[in-house]
Each structure stands twice: as structure tokens, then as C-alpha cells.
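# Fold and geometry: a report
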Amino acid sequence: MFKRILVANRGEIALRVIRACRELGIETVAICSEADRDASYLELADEAICVGPARAADSYLRIDRVISAAEIGNVQAIHPGYGFLSENSHFAEVCRSCDIGFIGPTPEAMAQLGDKNSARTLAMKANVPCVPGSDGLVASEQEALEVARKIGYPVLLKATAGGGGRGMRVASNDLTLQSAFQQAATEAQAAFGNAGIYLEKYVERPRHVEVQIIGDMHGNVVHLWERDCSTQRRHQKLIEESPSPRLAQATREAMCEAAVRLAKTAGYYSTGTVEFIVDQEGNFYFIELNSRIQVEHPVTEMVTGIDLIKAQIRVAAGEPLGFSQDDIVQRGHAIECRINAEDPAHGFRPCPGRIEKMIVPGGFGVRFDSHVSSGYVVPPHYDSLIGKLIVHQPTRREAIETMQRALKELRVEGVKTTVPIHLEILSHSAFHDSQIDTTFVERTLLG
Ligand code: ADP
Ligand code: ADP
Ligand code: MG
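Thresholds applied
- Residues numbered from 1 in each chain as written.
- Chains lettered and ligands numbered in written order.
- Predicted model: local features only at pLDDT ≥ 70, side-chain atom pairs only at ≥ 80, totals over all residues.
- Heavy atoms only, no water.
- Domains from an automatic or database assignment.
- Buried area = accessible area lost by both parts, 1.4 Å probe.
- Salt bridge = Lys/Arg side-chain N within 4 Å of Asp/Glu carboxyl O.
- Near = heavy atom within 4 Å.
- Polar contact = N/O pair within 3.5 Å; in protein donor to acceptor, adjacent residues only side chain to side chain.
- Helix = DSSP H or I, 4+ residues; strand = E, 2+ residues; numbered from the N terminus.
- Nonpolar A, V, L, I, M, F, W, Y, C, P; charged D, E, K, R; others polar.
- Axes fitted to C-alpha atoms, helices over the stretch in contact; angles between N-to-C directions.
- Left-handed = near helix turned anticlockwise from the far one by under 90°.
- Contact = heavy atoms within 4.5 Å.
- Phe/Tyr/Trp six-rings, centres within 6.5 Å; stacked < 30°, edge-to-face > 60°.
- Lys NZ or Arg CZ within 6 Å of the ring centre and 35° of its normal.
- Pairing = 2+ DSSP bridges.
- Donors = N, O, S within 2.8 Å, 3.2 Å for Na, K, Ca; no water.
- Buried < 20%, exposed > 50% of the residue type's maximum accessible area, 1.4 Å probe, protein only.
- Core = buried A, V, L, I, M, F, W, Y, C linked by side-chain atoms within 4.5 Å.
- Areas by Shrake-Rupley, 256 points an atom, 1.4 Å probe, with all protein chains shown as cover.
- Expected span 1.5 Å × (residues − 1).

Attention now moves to the domain arrangement of the protein. Its domain assignment divides the protein into domain 1 (4-101), domain 2 (132-201) and domain 3 (207-445). For domain 1 and domain 3, the distance between their C-alpha centroids amounts to 23 Å. For the pair domain 1 and domain 3, the summed buried area comes to about 2,100 Å², and 59% of that belongs to carbon and sulfur atoms. Counting the contacts that link domain 1 with domain 3 gives five salt bridges.

Have a look at this one:
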């Protein structure tokens, strides 16, 4: 097992990894930018190294500086968290060539799966159903028109390097497709440094259901069942839950088997998430694989009782999975609300600034993963996530009630947060009946 690891991230996920390491008896070296120097979780690490100015491109994304910190900190491995360098296969390769463990899959698996178009090709090879769309990247407007006419409108233009809900555009006819194509390619080049675009049929009012997987270096891959992340705004998740309500058991099992099949085809180990959309008829289609730990991993931890970060670290050290597929059962119902420093009343615009006062909820069935407390200043440079509120109860009904109680207990003064929109969603009859899809929030609550 590793003796000392570097946590190449910030915020709640850095704290989450540090906590897991402390329980495993592993020392940690944290990195921070100048903007995060005062973050309290740094005190829980054995050492903290500043890697540069506030801008992520000058600090958390600087491979040379992160590797230098790993050398100075004398670590055996790096945990990349999510976002930043976590899905950068070049970074994983640099770690390998410096003889530093990367807590994630191989650079080869990451490269193949990180590109959404090549992941789609691999999924087809593994006999995993994909959304009807283009065979590979679309090189010209003309080609896009041909594919769209074949699969039928509306279609979705997707950046092959996209992520975080960005790099997608809907086109509902030839005219909008023509104007969208060039824009999408130009935007993708600017945002992701890769202009590659592919086409998918735009599935109307789908649910987003994803499967958590984990594999070891000895060829074992298991799934930890699914999460439903249909409550979204602008293709970004707001609420996640497990199990997925209203999913037929046969579909659940078929999706989970498909996810494991894909991972095995890719020679995948470590934690990963295979994302699908499920249409109104209950057909499921692969959309992408995230080769990292995901923001919403705690809902899976609550229902399965497995600490995913510890498991991820153990398999990265070469240990075999300590459990088999039959050991993994879903118990009860878990829900997570993402608490962001944003103003839902004004288009979810980020609300950085000083949190004057914060009171966190607790009690039976409540977990709050957050790096924030009274007096913390939310920097304007990064993702606006300030915490994740997770509840676990025997039934969905009780989980909703506990979440409502906990959201009302949570007090954040000084910045606007997503708490009010969560309360609105949770009190809506469509959410109670689970009659929701990925467009629910925008259709019903945001007008
Ligand atoms: P999850 O699937 O874990 O819910 P999100 O889509 O919310 O992940 O992304 C988690 C974090 O990673 C966010 O900070 C998001 O902005 C960032 N992220 C994910 N993919 C990319 C990408 N391709 N480019 C830049 N940032 C990304
Ligand atoms: P990202 O890498 O940004 O997470 P995804 O491909 O995972 O992108 O898609 C993000 C969200 O966009 C999905 O959860 C879903 O709401 C929507 N989406 C993606 N593909 C489709 C599609 N073909 N039809 C309808 N909605 C889609
Ligand atoms: Mg996704």
C-alpha cells in the first residue's frame, strides 16, 4: 500500500480524499493555488504545497508544477479527484514515466474513453446500445446534413472533447444545423482545444441513468448499480439518487451488465462511470464513460456501504477488489443535492464571495461533504460547488423528507446558493411521483 500520496485537486473532493487517506493510514500532500492558501482542509494534510497563481491554467492544470510538488512531497502516487487533470491521459502518462502511481485507469484506457467519439465506437464494439448518430466525427456541414436527414431531427451536435455539460447544441432542421455546425466546431476548439464534432439523435425528454463500476489490475470488474441524475439544468446535474426510480429491474440489470462489458473491453480498472440516457419507452443508450471518481459518488456509497475512494486507492496500489458482484446490494434510498454558490433566480450565475455564517445540518441519515465553513471566501476562479448534501433512508419517500428537513437546517449567509431551487424541486409533485426527465427543471421551474 502507498505510504504517502499527493492530492491534485481542491475543495470538497480534496478533503474527501484526505479523509479517506487518514483512515487508511496514508500520509497526504495537498496542493493549492494562491487563492486557496487559507483553505482549512490543508491543515488536515501532512504537507501543503502552493503550485501557482489563482488561475487553474497556472496552477491545478500545470502538469510540470503538479509533478514537481509530487517530487518535493516525496509521494508514491497522485489522486487527481474530478475535473482538472483527472481525465487527462497525457498527465497519467507523465506520472507513469516519472514512476509515480496515478490513482485511475491506464493512460491508454483514458485516451480511448476520454474522447467521446472513440468511446462510442468502442461501446458499439462491446455491443452496448448507443444513441443513433454519426459513424465517427463529422467533418463538414454537408456531412452533418446527410447524417441528420438519415437519423431524423432534432439532432444534437456534440464536441468529442466536451464535458461538464458544455459543448452541446440542438438543431431541429437543416437551417439551424447549418448555422450551428461551424459555431459548435469553433467553440469546441476554443473551449477544449479540439474542434471534433459528432452527431447524435436528440432524445426527447430522457432520463439520465449512470452505472458506477470499479475494476482491479487482476481483471475483475464489478458494477455498484446505478444513479439517476435526471434533475439537471443546462445539461448539468443538480440532484442525484440511487436507486433510479421507475427503472424496470430487467433494464437495470441489462444496463449494469453493459457497463461492465464495456469496461472489460477497454481493459479498464479503477472507478468509472458509464453514462446512459433512457428514453420514454425505457430503451437505454450509452452516452459516455467518465474515467474518474464522480461528484455524485456518495449516493452509491450510501446504498452499497462501500467507500469508493478507499477502494479506488487500494486497487491503484495493486490490491485485488475485496468484494465480488454478489456482495454488492442496494440498501434503501440515497439522494444528493449539489449546493453551489449560485443564484438560481438569475440563471444560476456564480456567486463568489465571503460566507459570513454557515450552519450545517446533521442527524440521522444525513451526510454533508463540504470544505466550507463560516468566514470562507468562495473564490471566483473555480467551480461553484460548496458542498454536497446527501441523505440515506429506507425508502425514497423518507429520503425526500429527510432532505427537505436538512436543506431547511442548512444556513449559508453572504452568498446565494442552490438551496431554494432544491426545496422547490423536492416539493414538486412530479418529483415525488418521479415523473421527471432531464428537461424537468427548465420546463417547469425556470420558465
Ligand atoms: P460528474 O459527472 O462527476 O457529475 P461534472 O460534469 O459535474 O461531473 O464535472 C465535474 C467537474 O469536472 C466540474 O468541475 C466540471 O466543470 C469539470 N469537468 C468535467 N469534464 C470536463 C471537461 N471536459 N473539461 C473541463 N472541465 C470538466
Ligand atoms: P458531458 O460530458 O458534458 O457530461 P454528456 O454526453 O454526458 O456530456 O451529456 C450531458 C447531458 O446532456 C446528459 O445528461 C443529457 O441530459 C444530455 N444529453 C446528452 N446526449 C443526449 C442526447 N443524445 N439526447 C438528449 N439529451 C442528451
Ligand atoms: Mg456526462
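Moving on, we get to the site of ligand 2. Neighbouring residues of ligand 2: 22 residues in total, closest Gly 165, His 208, Gln 232, Glu 275 and Glu 288. Within the side chain of Lys 116, an N or O atom sits 2.9 Å from an oxygen atom of ligand 2. For ligand 2, an oxygen atom lies 3.4 Å from a polar atom in the backbone of Gly 164. Elements represented by at least two residues in the shell around ligand 2 include exactly strand E6 (155-163), strand E7 (166-171), strand E8 (197-201), strand E12 (270-278) and strand E13 (284-290). With four residues, E6 is the largest single contributor of residues to the shell around ligand 2. In terms of residue class, the shell around ligand 2 is built from seven nonpolar, eight polar and seven charged.

The subject of this paragraph is the packing of helix H2 (residues 63-73) against helix H3 (residues 89-97). Where H2 contacts H3, the two axes come as close as 11 Å, and the packing angle between them is 35 degrees. With respect to the hand of their crossing, H2 and H3 are arranged in right-handed fashion. Contacts between H2 and H3 involve Ile 63, Val 66 and Ile 67 from the former and His 90, Phe 91, Val 94 and Cys 95 from the latter. Classifying every residue of the contact of H2 with H3 gives six nonpolar, one polar and no charged.

Below, the discussion takes up the packing of aromatic side chains. On inspection of all chains with the given rule, the structure shows six aromatic pairs. Their ring planes at 80 degrees and their centres at 5.6 Å tell us that Tyr 60 and Tyr 382 sit as a pair that is edge-to-face. Taken together, the residues span a long stretch of sequence, with Tyr 60 in the loop between strand E3 (47-50) and H2 and Tyr 382 in the loop between strand E20 (377-378) and strand E21 (385-393) at a distance of 322 residues. Put simply, the rings of Tyr 60, Phe 84 and Tyr 382 touch in pairs and so form one group of aromatic residues. Here the guanidinium or amino end of Arg 233 rests over the ring plane of Phe 348, the centre of that ring lying 4.7 Å away. In this structure, Arg 396 packs its charged tip against the face of Phe 431, placed 4.7 Å from the ring centre.

What follows is about the sheet that holds strand E14 (residues 333-340). Pairing is antiparallel across the open sheet formed by eight strands, whose spatial order is E13-E12-E9-E10-E11-E14-E21-E19. Looking along the sheet, the strands with just one partner apiece sit at the ends: E13 and strand E19 (366-369). Pairs of neighbouring strands in the sheet enclose a mean axial angle of 25 degrees, with direction left out of account. Alignment of E14 against E21, held across eight bridges, turns out to be antiparallel. Counted as the bridge partner of Asn 340 is Leu 385 from E21.

The magnesium ion (ligand 3) binds to the protein through Glu 275 (OE) and Glu 288 (OE), with metal-donor distances spanning 1.9 to 2.0 Å. With Glu 275 in strand E12 and Glu 288 in strand E13, this pair connects stretches of sequence that are 13 residues apart. Glu 275 gets classed as buried once you look at its relative accessible area, which sits at 3%. For Glu 288, a relative accessible area of 15% corresponds to the buried category.

This part takes up the nonpolar core. Counting 90 residues, the largest nonpolar core has Ile 5, Leu 6, Ile 78, Phe 91, Leu 262, Phe 276 and Phe 286 as its most contacted members. If near-sequence neighbours (up to four positions away) are discounted, Leu 6 is found in contact with Val 29, Ile 31, Val 66, Ala 69, Ala 70, Val 75, Ala 77, Ile 78 and His 79. Within the second largest apolar cluster, 36 residues are counted, among which are Ile 339, Ala 341, Ile 425 and Ala 430.

Around ligand 1, the structure places 16 residues, and the nearest of them are Arg 292, Gln 294, Val 295, Glu 296 and Arg 338. Within the backbone of Val 295, one N or O atom sits 2.9 Å away from an oxygen atom of ligand 1. Expressed as a share of its isolated accessible area of 550 Å², the protein-covered part of ligand 1 is 73%. Counting residues per element, the shell around ligand 1 draws most heavily on E6, which supplies three residues. Here the residues of the shell around ligand 1 are counted per class, giving three nonpolar, six polar and seven charged. Formed jointly, the shell around ligand 1 draws a minimum of three residues from each of two domains, domain 2 (132-201) and domain 3 (207-445).

This next bit is on helix H8 (residues 249-265). Count 3.6 residues to each turn of an α-helix, and residues three or four apart come out pointing the same way. Between its first and last C-alpha atoms H8 spans 24 Å; for 17 residues at 1.5 Å apiece the expected length is 24 Å, and the two agree. Regarding H8, the residues found buried are Thr 251, Arg 252, Met 255, Cys 256, Ala 258, Ala 259, Val 260, Leu 262 and Ala 263. Residues of H8 that are buried make contact with helix H5 (116-125), strand E9 (207-215), strand E10 (221-233), E12 and E13. Immediately downstream of H8, the backbone of Gly 267 shows phi near 65 degrees, a positive value.

This paragraph deals with the sheet that holds strand E1 (residues 4-7). Reading across from one edge, E3-E2-E1-E4-E5 is the order of the five strands in this open sheet, with parallel pairing throughout. Only two strands of the sheet have a single partner each, and these edge strands are E3 and strand E5 (101-102). Examined bridge by bridge, E1 and strand E2 (residues 27-32) share four bridges and lie parallel to one another. Following the sheet pairing, Leu 6 is matched in E2 by Val 29. In the packing of helix H1 (residues 11-24) onto the sheet, the strands contacted are E1, E2 and strand E4 (77-79), and the crossing angle to E1 comes to about 170 degrees.

Okay, unusual backbone geometry next. The step from Tyr 153 to Pro 154 runs through a cis peptide bond, and the omega angle for that step is -5 degrees. Note the cis peptide between Ser 242 and Pro 243, where omega equals -5 degrees. Position of Pro 243 relative to the elements: it lies in the loop between strand E11 (236-242) and H8.

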